[in-house]
Amino acid sequence: MMAMSPIDPRLQEALDGERDPGTLPMDLREAYARLMGAANLLQTLPAVSVAARVMAEIHDLKPEVQSVRPARRLMRWLARPRAVTLRLRPAWTLALVAGLAAILLIPTQPTNRPSPGAHEGIAQFVGHFPGARSVEVVGSFNDWSRGSLHLRDEHHDGIWHGAAVLPAGPHEYMFIVDGERWVPDPLAGRYVDDGFGAGRENSLLIVRPAQASLDEDATPR
Amino acid sequence: MRRAKPLQIRDEALPLRVTLMVNDGPPAPTDVEVVARVLGGDGEAFGILIRRYEPGLLRFATRMLGNPDAAADAVAESLVRAYRHLAQCRDPARLRSWLYRITGNRCRSHLARRRTNDISLSEAPPLADASDSWAVLERGEQVALVERALNALPAEKREAFVLKHVEGMSYEEMAAVTGARIPTLKMRVHRAREALLAALEELV
């Protein structure tokens, strides 16, 4: 391993474009030229191409958003147990935090629930998005496809909620607000890396089988 | 100097005329437009994005992995992944950053599988005679020497140096690609420069 010593801050400034390299002393100018020359050598573009390989590989694939054709989406919509809206009773005179806490704590109505199968559970989604025109949920359970799970703000108080029957197990998801803004669920409690780096995370919910806990809903916590 | 006038076009119209002649075809579609086409079902349009970004991605991956074949695999896998998850690209106007992020992740996974962040020197091209001066080395030998010095850097510093000085990114874009904070990236770039300069002085 070669010895490494700090280089003059003026050289760093010149390399960052914050100083005219012409103003550097001769020795620093040589170091500047050496590093920039090295960078120029590394800028040589590879002569290979993977374009044909990639196009062949994606030929039979569809981006997730178009993986479900309208007719197939309709069939899936008809076949899939639908989300049921639960009447939550947030005390609107309370502060937001108390309201959200109340929403999470108020027992949900047992009627009108879909009937989850042996390996399914009910997932409830709640988010506070005042002023939002629409909120929907996309996730691993619907192939990240939009249009299948819309939340509702029935009381026009900015609290959007909805529920869906999902297979038991972990599911990653995100809210899409007003059709364009992707927002993790602040109440999720658990998050996982979205796989694309940059530290961004998807919300995670774990759905428990309904039969394992008859009256407990699987909430994204 | 007075320029020749085509037909009856007056001088003040000449710049417009020239512009029309140069811009023969329609303007290239923006990334946002291409992404919309792909998501709308025109899968072939993804080829536009490949042609636009493949060279830089391949160069980035090659510099990160030190191996052209591994880099080609990483870029191909990244582009397929990008295609499949294109709907998750939250800001198509910054598609370049998104693609570099996916490719960077792929490279990191590849490096992790090697169980070391150091590129095997056996993969590096043979060195020129160390007694030769920099000026007399052929360009290919110079490239090999610089690659060898770059590959001796830890992966994070190598990535920072390549994004900054090879791909020409701003620190803001580097932050979007790597997820690291700008002060952290500046520190990595500074340290990489120091190490690279020391390595080059030792090699040549």
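Here the structure is a predicted model, which means the values were calculated and not measured.

Q: Which residues make up the overall build of chain A, and what values do they have?
A: Summing up its helical and strand segments, chain A has five helices and seven strands in all. Across chain A, helices and strands are ordered from the amino to the carboxyl terminus as α-α-α-α-α-β-β-β-β-β-β-β. Burial status across chain A gives 32% buried among its 221 residues. Put simply, 60% of the contacts in chain A that link residues at least 6 apart link residues at least 24 apart.

Q: Describe the overall build of chain B, naming the residues involved and giving the relevant values.
A: Counting secondary structure elements, chain B contains nine helices and zero strands. Listing each helix as α and each strand as β along chain B from the N terminus yields α-α-α-α-α-α-α-α-α. The buried share of chain B, reckoned over its 204 residues, is 40%. Considering only contacts within chain B whose residues lie at least 6 apart along the sequence, 63% involve residues at least 24 apart.

Q: Talk me through the confidence of the model for chain A; I want residue IDs and the actual numbers.
A: Where the model shows low pLDDT, its predicted coordinates should not be examined in detail. Residue and element names in this part refer to chain A. Put simply, chain A has an average pLDDT of 77, and 73% of its residues get 70 or more. The element-level mean pLDDT for chain A is lowest in helix H4 (residues 70–79), coming to 65, with helix H3 (residues 51–58) highest at 92. Scored below 50 in pLDDT, residues 213–221 shows 23 contacts in the model against residues more than four places distant or in partner chains.

Q: Hey, could you go over the environment of Ala-14 of chain A for me, with residue numbers and the actual values?
A: All names here are of chain A. If you trace the backbone, Ala-14 turns up in helix H1 (residues 9–15). Residue classification places Ala-14 among the buried positions, given that 22 C-beta atoms sit within 10 Å. If we skip the residues at most four places from it in the chain, Ala-14 touches Arg-19, Pro-21, Leu-24 and Tyr-32.

Q: Mind laying out the packing of helix H2 (residues 26–42) of chain A against helix H6 (residues 139–151) of chain B, listing which residues take part and the relevant values?
A: H6 of chain B packs onto H2 of chain A with a crossing angle of 100° between their chain directions and a minimal axis gap of 9 Å. On the basis of their axis angle, the class for H2 of chain A and H6 of chain B is roughly perpendicular. Across the interface between the two elements, Ala-38, Leu-41 and Leu-42 of chain A from H2 of chain A touch Gln-142, Val-143, Val-146 and Leu-150 of chain B from H6 of chain B. When the residues that make up the contact of H2 of chain A with H6 of chain B are grouped by side-chain class, the tally is six nonpolar, one polar and no charged.

Q: How would you explain the pairing of strand E7 (residues 201–207) of chain A if you had to name every residue and give the values?
A: All names here are of chain A. Counting buried positions along E7 yields five of seven residues, so the element is predominantly enclosed. As paired strands, strand E6 (residues 191–193) and E7 are joined by three bridges and run antiparallel to one another. Paired with Tyr-191 across the bridge in E7 is Ser-203.

Q: Summarise the confidence of the model for chain B; cite the residues concerned and give the values.
A: Residue and element names in this part refer to chain B. Counting all residues, the mean pLDDT for chain B is 81, and 75% of those residues have values of 70 or more. Highest mean pLDDT in chain B belongs to helix H3 (residues 46–65) (96); lowest belongs to helix H1 (residues 14–22) (43). In the model, residues 1–22 has pLDDT below 50 throughout and makes five contacts with residues more than four positions away in sequence or in other chains. Long-range and interchain partners of residues 124–130, a stretch whose pLDDT sits below 50, account for twelve contacts in this model, where long-range means more than four residues apart. Quick note on the complex model: pTM equals 0.57, ipTM equals 0.76.

Q: Give me the interface of chain B and chain A: which residues, what numbers.
A: Contact residues are listed per partner, giving 50 residues for chain B and 39 residues for chain A. Counting only elements with at least two residues in the side of chain B that touches chain A, the list comes to helix H2 (31–39), H3, helix H4 (68–84), helix H5 (95–113), H6, helix H7 (155–166), helix H8 (171–178) and helix H9 (182–203) of chain B. Of the residues belonging to the side of chain B that touches chain A, the class tally is 27 nonpolar, 13 polar and ten charged.

Q: So what's going on with unusual backbone geometry? Residues and values would help.
A: Residue and element names in this part refer to chain A. In this model, His-156 sits at a positive phi of 55°, which is unusual for a non-glycine residue. Within the fold, His-156 resides in the loop between strand E2 (135–139) and strand E3 (159–167). C-beta crowding within 10 Å serves as the criterion here: with 7 such atoms nearby, His-156 is assigned to the exposed category. Notably, Asp-178 is not glycine yet its phi reads approximately 55°, a positive angle.

Q: Tell me about the pairing of strand E4 (residues 169–177) of chain A, and please be specific about residues and values.
A: Residues and elements named next belong to chain A. In this structure, E2 lies alongside E4, joined through five bridges in antiparallel fashion. Each residue of the ladder has a partner; that of Val-137, found in E4, is Phe-175. Both E4 and E7 contribute to a ladder of five bridges, which runs antiparallel. Residue pairing across strands places Gly-169 opposite Val-207, the latter belonging to E7. Sheet analysis places E4 next to strand E5 (residues 181–183), joined by three bridges and oriented antiparallel. Across the sheet, Ile-176 pairs through a bridge with Trp-182, a residue of E5.

Q: Talk me through H4 of chain B; I want residue IDs and the actual numbers.
A: For H4 of chain B, which comprises 17 residues, the first-to-last C-alpha distance of 24 Å matches the rise-based estimate of 24 Å (1.5 Å per residue) to within 8%. Listed in full, the buried residues belonging to H4 of chain B are Ala-70, Ala-71, Ala-72, Ala-74, Val-75, Ala-76, Ser-78, Leu-79, Ala-82 and Tyr-83 of chain B.

Q: If you had to explain the packing of H4 of chain B against H5 of chain B to someone new, which residues and values would you point to?
A: All names here are of chain B. H5 packs onto H4 with a crossing angle of 130° between their chain directions and a minimal axis gap of 9 Å. Our classification of the angle between H4 and H5 gives oblique. The element H4 and its partner H5 pack so that their crossing is right-handed. Of the residues in H5, those touching H4 at Ala-70, Ala-74, Val-75, Glu-77, Ser-78, Arg-81 and Ala-82 are Leu-99, Ile-102, Thr-103, Arg-106, Cys-107 and His-110.

Calculation criteria
- Residues numbered from 1 in each chain as written.
- Chains lettered and ligands numbered in written order.
- Predicted model: local features only at pLDDT ≥ 70, side-chain atom pairs only at ≥ 80, totals over all residues.
- Helix = DSSP H or I, 4+ residues; strand = E, 2+ residues; numbered from the N terminus.
- Buried ≥ 20, exposed ≤ 12 C-beta atoms within 10 Å, placed from the backbone.
- Contact = placed C-beta atoms within 7 Å.
- pLDDT = per-residue confidence, 0-100.
- Axes fitted to C-alpha atoms, helices over the stretch in contact; angles between N-to-C directions.
- Parallel < 35°, antiparallel > 145°, perpendicular 65-115°, else oblique.
- Nonpolar A, V, L, I, M, F, W, Y, C, P; charged D, E, K, R; others polar.
- Pairing = 2+ DSSP bridges.
- Expected span 1.5 Å × (residues − 1).
- Left-handed = near helix turned anticlockwise from the far one by under 90°.

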